[in-house]
Amino acid sequence: MSYSAGTVAGVHLRYSFRVYPTRPQRQSLARTFGCVRTVYNDAVAARKAAHETGAKYPSAVALAKSLITDAKRTPGRAWLGEVSVVPLQQALRHCDRAYRNFFDSLKGKRTGPRIGPPRFKRRSGTQTAEYTRRGFRLKEDGRLYVAKVGDLKVTWSRELPAEPSSVTVVKTVTGKYYASFVIAVEDDADLLEPLDDPDAETGIDLGLKSFAVLRGGKVIESPKFFRQMERKLKKAQRALSRKRKGSNNRAKARIRVGKIHEKIKHTRSDWVNQQVAMIVAENQGIYVEDLNVRGLSRGRAAKSVQDAAFGIFLSRLESKAARAGRTFVRVDRYFPSTRLCSACGALTGPKGLDGLSIRQWVCGCGTRHDRDANAEINIRREGKRLVAAGHADT
Ligand SMILES: [Zn+2]
């Protein structure tokens, strides 16, 4: 469970903009992406090898020496010297972080779904290269200078609120380029929004039928496009799987799948942002169930568009609540929010998979409940109890 209130230091915001590299810049970027992938994959391979032989994991410093500095002097990896060293060093950092997250997840130190060990990056996936301040500069004429690539043309759709600490140049599977800036916000009182009712609070019950239920039975419906897009995606994926490996048609089908993924991402992101903005604008206290997002999709091969939306929704809600100085509390996912009768406290509500279809029920105490509205009350109460008990970040 995590608890945050007031302003927090060190919130990181991400700002992405389309960039339009020239042909030579695209070639330099392709080379850079290739080198980043190679260094990352070499690092994964080195750690896999260490694991298999029972040797100690090589440190990040040791890997930087063997996989970048020394490797450049070998004929097989000399081309690493043709690109900026900054994104290569960042690739090692990313690999390191991926391993730490994996181990933390194994040890149960991470909330949320279990994550697997880092995997090899593929040429057909999204390509990225991250530059710290040493590797990029924002120029007066609005261009973005990237080391050993040149001045990139950027479409600035909004202003950066502060100096970025890093930029990641991204090439999507559909061939679009983006610059994604990270900005550390120290003090962002300007993000505070005044509340009509300074004591307004809500629990949030994330559901299967509707997306979420708020205080007073207010429902956020699941948008229709979740299902529509999912059907479209499945169809495109089936078409892709039928195409012969290495054929032109397969490449086209893969781009079609990538385009649908992109569309889903954007539409879902916009929709989630609207819901998050509404909740934060209206409430000082926000209490959510720390949902086992993976548990919801049990029995289905892939995470549905909606399941993925829950995770994005919770993390954005948490960060926006923190920036706006709201109280945000995650209630333990094992807290019986649905089973508990909010009137008498008895565990008389629907439970288990059989109980999933029960929308309304009557407790032995005589109270008639709407399943989700009852759960919202319980989550809100438990959240407030945690705050009162002084449970801080764990
Ligand atoms: Zn009761």
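Residues numbered from 1 in each chain as written. Predicted model: local features only at pLDDT ≥ 70, side-chain atom pairs only at ≥ 80, totals over all residues. Heavy atoms only, no water.

Observations regarding the coordination of the zinc ion
At step 1: Looking at the metal site, the zinc ion is ligated by Cys341 (SG), Cys344 (SG), Cys363 (SG) and Cys365 (SG), spaced 2.2 to 2.4 Å from it.
At step 2: Angles of 105 to 112° at the metal separate the four donor atoms of the zinc ion, which places the site in the tetrahedral class.
At step 3: Counting gaps between the donor residues of the zinc ion yields the pattern C-x2-C-x18-C-x1-C. In this pair, cysteine 344 sits in the loop between strand 13 (327-331) and strand 14 (360-362) while cysteine 365 sits in the loop between strand 14 and strand 15 (368-370), placing the two residues 21 residues apart along the sequence. (Donors = N, O, S within 2.8 Å, 3.2 Å for Na, K, Ca; no water. Tetrahedral: all angles 85-135°; square planar, octahedral: opposite > 155°, others 65-115°. Helix = DSSP H or I, 4+ residues; strand = E, 2+ residues; numbered from the N terminus.)

Here we look at the pairing of strand 6 (residues 150-154)
At step 1: Relative to strand 6, strand 5 (residues 144-146) is paired through three bridges, and the arrangement is antiparallel. Following the sheet pairing, leucine 144 is matched in strand 6 by leucine 152. (Pairing = 2+ DSSP bridges.)

Some words on the packing of helix 5 (residues 248-282) against helix 7 (residues 305-323)
For any two helices packed against each other, the geometry is given by the interaxial angle and the distance between the axes.
At step 1: It is the contact of helix 5 with helix 7, at a shortest axis distance of 9 Å, that shows an interaxial angle of 45°. In this view, helix 5 runs oblique relative to helix 7, as classed from their interaxial angle. The handedness of the crossing between helix 5 and helix 7 comes out as right-handed. Note on element contacts: helix 7 touches helix 5 through Val305, Ala308, Ala309, Ile312, Phe313, Arg316, Leu317, Lys320 and Ala321, opposite Ile264, Arg268, Ser269, Val272, Asn273, Gln275, Val276, Ala277, Ile279 and Val280.
At step 2: Across the contact of helix 5 with helix 7, the residue classes break down as 13 nonpolar, three polar and three charged. (Axes fitted to C-alpha atoms, helices over the stretch in contact; angles between N-to-C directions. Parallel < 35°, antiparallel > 145°, perpendicular 65-115°, else oblique. Left-handed = near helix turned anticlockwise from the far one by under 90°. Contact = heavy atoms within 4.5 Å. Nonpolar A, V, L, I, M, F, W, Y, C, P; charged D, E, K, R; others polar.)

Let's talk about the pattern of salt bridges
At step 1: In the structure shown here, the tally under the stated rule is 18 salt bridges.
At step 2: For aspartate 70, the salt bridge is made with arginine 73, and the minimal N-O distance between the two is 3.3 Å.
At step 3: On the basis of relative accessibility, which here comes to 27%, the residue aspartate 70 falls in the partly exposed class.
At step 4: Between arginine 385 and glutamate 382 there is a salt bridge, and its shortest N-O distance comes to 2.9 Å. Placement of the pair is arginine 385 and glutamate 382 together in helix 8 (residues 371-388), with a separation of three residues, close to one helical turn.
At step 5: Owing to a relative accessible area of 14%, glutamate 382 belongs among the buried residues under this scheme.
At step 6: Among the ionic contacts, a cluster of salt bridges with common partners joins Arg47, Asp96 and Arg100. (Salt bridge = Lys/Arg side-chain N within 4 Å of Asp/Glu carboxyl O. Buried < 20%, exposed > 50% of the residue type's maximum accessible area, 1.4 Å probe, protein only.)

So, the nonpolar core
At step 1: Ranked by internal contacts, the top residues of the largest apolar core, which has 41 residues, are Leu88, Tyr131, Leu144 and Phe181.
At step 2: The residues contacting phenylalanine 181, other than those within four sequence positions of it, are Leu13, Arg14, Tyr15, Phe17, Phe136, Leu138, Leu144, Trp156, Leu160, Pro164, Ser166 and Val167. (Core = buried A, V, L, I, M, F, W, Y, C linked by side-chain atoms within 4.5 Å.)

Focus: the packing of aromatic side chains
At step 1: One pass over the full model with this rule turns up 14 aromatic pairs.
At step 2: Summarising the aromatic geometry, the rings of phenylalanine 226 and tryptophan 271 are spaced 5.4 Å apart at their centres and angled 75° between planes, so their arrangement reads as edge-to-face. Residue phenylalanine 226 is found in helix 4 (residues 224-242), and its partner tryptophan 271 is found in helix 5; the two are separated by 45 residues along the sequence. Pair check on accessibility: phenylalanine 226 and tryptophan 271 agree, each one buried.
At step 3: Here the aromatic cluster, defined as three or more aromatic residues joined through ring pairs, consists of Phe211, Phe225, Phe226, Trp271, Phe310 and Phe313.
At step 4: Positioned over the ring face of tyrosine 40 is lysine 121, at 4.3 Å from the centre of the ring. (Phe/Tyr/Trp six-rings, centres within 6.5 Å; stacked < 30°, edge-to-face > 60°. Lys NZ or Arg CZ within 6 Å of the ring centre and 35° of its normal.)

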